[in-house]
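Spelled out, the chains give:
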Amino acid sequence: GELLLAYTLNRDIRYPSFNPAVESSNSRASSEPEADIIAATLDTGMTFSRGAVTFEPYLGVEYLDVTIDSFAEDRSVSLLSGLIDTDAFNLVVDEQTFQSLDATFGARLTYAFTPKWGVALPYVSVEYHREFKDEPRSIRARYAGAGDDSFAFAVPTDPFDSDFFVWSVGMSSVIRGARQQRYGEAAAGGVSIYLQYQSVEDLEFFDEQTFSAGLRYEF
């Protein structure tokens, strides 16, 4: 598939002035880069059930080809006065391309039980991720006030983390099943919910925990 992204970046520019007649710089430059992502995925797995317990091991591979269009910071605003600041330190960033090849091995354990109010499916899952394209890259840019590309410079990125884990716990539940009001009509009125907490582990300089919840009603 293909994914198009547009997002907003704000970069704070701060450095002290050692000249009493010139105030220190404290500005914020803004830009709106766009990206094009080509993605391909392949997943396979198996399901083993025994009584109320279900065990699902699975494998997955995801390939991403990412292109970030060249962009320029369009303005700098002084955080001290709120006025438009000089654009000399605004960055003009060249196009960037990189790829990702991520392999996943995971397993999910689910237990089903039926309380009086419906059906509940609590679960726990663990995934191991291996990134095969973890080489660092360089971002080429120049200052808007520096002239042409002969003044460009390159900033190396950190390498990707080759290995990391993702674990999650949650529950999905059918509180009320759908009902058919008349013969031949579609069933409606079903209510189901889900809750999930997810955490990413062993990524350097990166910390992520996500809580999600949802409600579904069948019309």
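Coordinates for the structure precede this section.
Residues numbered from 1 in each chain as written. Predicted model: local features only at pLDDT ≥ 70, side-chain atom pairs only at ≥ 80, totals over all residues. Heavy atoms only, no water.

Q: Talk me through the environment of Asp 158; I want residue IDs and the actual numbers.
A: Structurally, Asp 158 is set in the loop between β13 (153-156) and β14 (163-176). The spatial distance from the C-alpha of Asp 158 to the C-alpha of Asp 134 is 9.3 Å, given a sequence separation of 24 residues. Not counting residues within four places of it along the chain, the set of residues in contact with Asp 158 comprises Pro 136 and Phe 205. (Helix = DSSP H or I, 4+ residues; strand = E, 2+ residues; numbered from the N terminus. Contact = heavy atoms within 4.5 Å.)

Q: How would you explain the sheet that holds strand β9 (residues 91-93) if you had to name every residue and give the values?
A: Strand order across the open sheet formed by four strands is β7-β9-β12-β13, with antiparallel pairing between neighbours. One side of each edge strand has no neighbouring strand; the edge strands of this open sheet are β7 (71-72) and β13. Judged from the three bridges that link them, β9 and strand β12 (residues 138-143) form a sheet pairing that is antiparallel. Looking at the pairing, Leu 91 lines up with Tyr 143 of β12. (Pairing = 2+ DSSP bridges.)

Q: So what's going on with the pairing of strand β16 (residues 208-217)? Residues and values would help.
A: Pairing of strand β15 (residues 191-201) with β16, which is carried by 10 bridges, proceeds in the antiparallel orientation. Looking at the pairing, Val 191 lines up with Tyr 217 of β16. With antiparallel pairing between neighbouring strands as the criterion, β15 and β16 make up a hairpin whose turn holds six residues, including Asp 202 at a positive phi of roughly 70°.

Q: Break down the environment of Glu 127 for me, citing the residues and quoting the values.
A: Counting through the fold element by element, Glu 127 comes out in strand β11 (residues 119-131). The residues touching Glu 127, leaving out its near neighbours within four places in the chain, are Tyr 58, Thr 104, Phe 105, Gly 106, Phe 164, Phe 165 and Val 166. Side chain to side chain, Glu 127 and Tyr 58 meet in a polar contact 2.8 Å long. (Polar contact = N/O pair within 3.5 Å; in protein donor to acceptor, adjacent residues only side chain to side chain.)

Q: Give a detailed account of unusual backbone geometry, specifying residues and quantitative values.
A: Despite not being glycine, Asp 202 has its phi angle at roughly 70°, a positive value. Secondary-structure assignment places Asp 202 in the loop between β15 and β16. With a phi close to 60°, Phe 205 is a non-glycine residue in the positive phi region. As for its position among the elements, Phe 205 is in the loop between β15 and β16.

Q: Kindly report on the side chain of Ser 31, identifying the contributing residues and their values.
A: Along the polypeptide, Ser 31 turns up in strand β3 (residues 25-31). When sequence neighbours within four positions are dropped, the list of residues in contact with Ser 31 reads Tyr 7, Thr 8, Leu 9, Phe 71, Ala 72 and Glu 73.

By themselves, these figures tell us nothing about what the structure is for.
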